[in-house]
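Residues per chain are reported as follows:
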Amino acid sequence: MSALILGATSPIARAIASQYARAGHDLFIAARNVDEAQRIAADLAIRHDVTALFGAFDALNLDGHAEFVDAVERDLGPIDVAVLAFGAMGDQDDSQRDIQAARRVIDVNYTGAISICETLAERMIERRAGGIVGISSVAGERGRKSNYLYGSAKGAFTLYLGGLRNRLAEHGVGVLTVKLGFVDTSMTYGMETPLPIASPEAAAHAIFAAQQRGRDVLYYPRFWRPIMGIIRAIPERVFKKLNL
């Protein structure tokens, strides 16, 4: 069995890679920072006695995605599970003022994500096997003034994953949508919140378990499912007055 981890230098991606390595999966660790990807791969290979390869991946290099997947499968073999753990929150104020900043948030979180997903899906359809894990966010559940550009990109990605899951089900390929709340990463560094912030290791364990069980959607931490249900139910006339 093999797993491709995209965006592998983030704390949660590293923790997810460790979960798959611990279960005996060979790995391909891919990120923009190739040196760091190499260090992660070497560490996992030693710790878990698995094959762990590494390479460069850029979500924005759409024209290179097919070549990238071909190279991974040439070196590692067929990809059994692909985890999309990359993302860019950006800065809401910058994105409001600068369309290029907004475009980067949209293209990393949505355009680049669907490009690599479609590339992977075609290979998995041919084999009638495989799984794709897309890490989205509860920020995509409802637009809020504090992060609506990031949230809209993640919301679009969530919708896309649902359609992809529907399409691939008849081909024996699973698609897991992960809707993350607050996890202790660079995106939440310095954030003040009354809600608990989960560790990357706990999130990775939940994601791995959900994928192995063939789940369709995972909220993590799990208390975010009822919280977002309440937020979605707030009437718009009330929601406009909230400072969220």
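Analysis parameters
- Residues numbered from 1 in each chain as written.
- Predicted model: local features only at pLDDT ≥ 70, side-chain atom pairs only at ≥ 80, totals over all residues.
- Heavy atoms only, no water.
- Salt bridge = Lys/Arg side-chain N within 4 Å of Asp/Glu carboxyl O.
- Helix = DSSP H or I, 4+ residues; strand = E, 2+ residues; numbered from the N terminus.
- Pairing = 2+ DSSP bridges.
- Axes fitted to C-alpha atoms, helices over the stretch in contact; angles between N-to-C directions.
- Buried < 20%, exposed > 50% of the residue type's maximum accessible area, 1.4 Å probe, protein only.
- Right-handed = clockwise from strand over helix to strand, strands pointing away.
- Expected span 1.5 Å × (residues − 1).
- Contact = heavy atoms within 4.5 Å.

J.: Tell me about the pattern of salt bridges, and please be specific about residues and values.
T.: It is possible for side chains bearing opposite charge to pair when their charged atoms get close. Within this structure, the stated rule accounts for 13 salt bridges. Between E122 and R167 there is a salt bridge, with its nearest N and O atoms 2.5 Å apart. Pair noted here: E122 is in helix α5 (residues 99–127) and R167 is in helix α6 (residues 148–168), with a separation of 45 residues, a long-range link. K179 is paired through a salt bridge with E141; the nearest N and O atoms lie 2.7 Å apart. Here E141 lies in the loop between β5 (131–137) and α6 and K179 lies in strand β6 (residues 174–180), a separation of 38 residues in the sequence.

J.: How would you explain the sheet that holds β6 if you had to name every residue and give the values?
T.: As summarised here, the arrangement of the 7 strands in space is β3-β2-β1-β4-β5-β6-β7, forming an open sheet in which the pairing is parallel. Single-partner strands in this sheet number two, and they are β3 (52–56) and β7 (217–220). Within this sheet the neighbouring strands show an average axis-to-axis angle of 15°, counted without direction. Relative to β6, β5 runs parallel, the two being bridged by 7 bridges. Looking at β6, one finds that S137 is bridged to L180.

J.: Explain the pairing of β6 to me, and be specific about the residues and the numbers.
T.: Counting buried positions along β6 yields 6 of 7 residues, so the element is predominantly enclosed. With α6 bridging β5 and its parallel neighbour β6, the resulting β-α-β unit is right-handed. For β6 and β7, the ladder comprises 4 bridges, and the chain directions are parallel. Paired with T177 across the bridge in β7 is V217.

J.: Break down the pairing of strand β4 (residues 81–84) for me, with residues and values.
T.: Along β4, one buried face is formed by V81 and V83 and the opposite face, lined by A82 and L84, is buried too. Where strand β1 (residues 2–6) and β4 come together, 4 bridges link them in parallel fashion. Across the sheet, residue A3 finds its bridge partner in β4, namely V81.

J.: Tell me what's going on with helix α7 (residues 200–212), and back it up with residues and numbers.
T.: The end-to-end C-alpha distance of α7, which contains 13 residues, comes to 18 Å, matching closely the 18 Å that a straight helix rising 1.5 Å per residue would cover. Along α7, the residues that are buried comprise P200, A203, A204, A206, I207, F208, A209, A210 and Q211. Buried residues along α7 sit against α1 (11–22), β4, β5, β6 and β7. Downstream of α7 by a residue or two, G214 has a phi angle that is positive, lying close to 75°.

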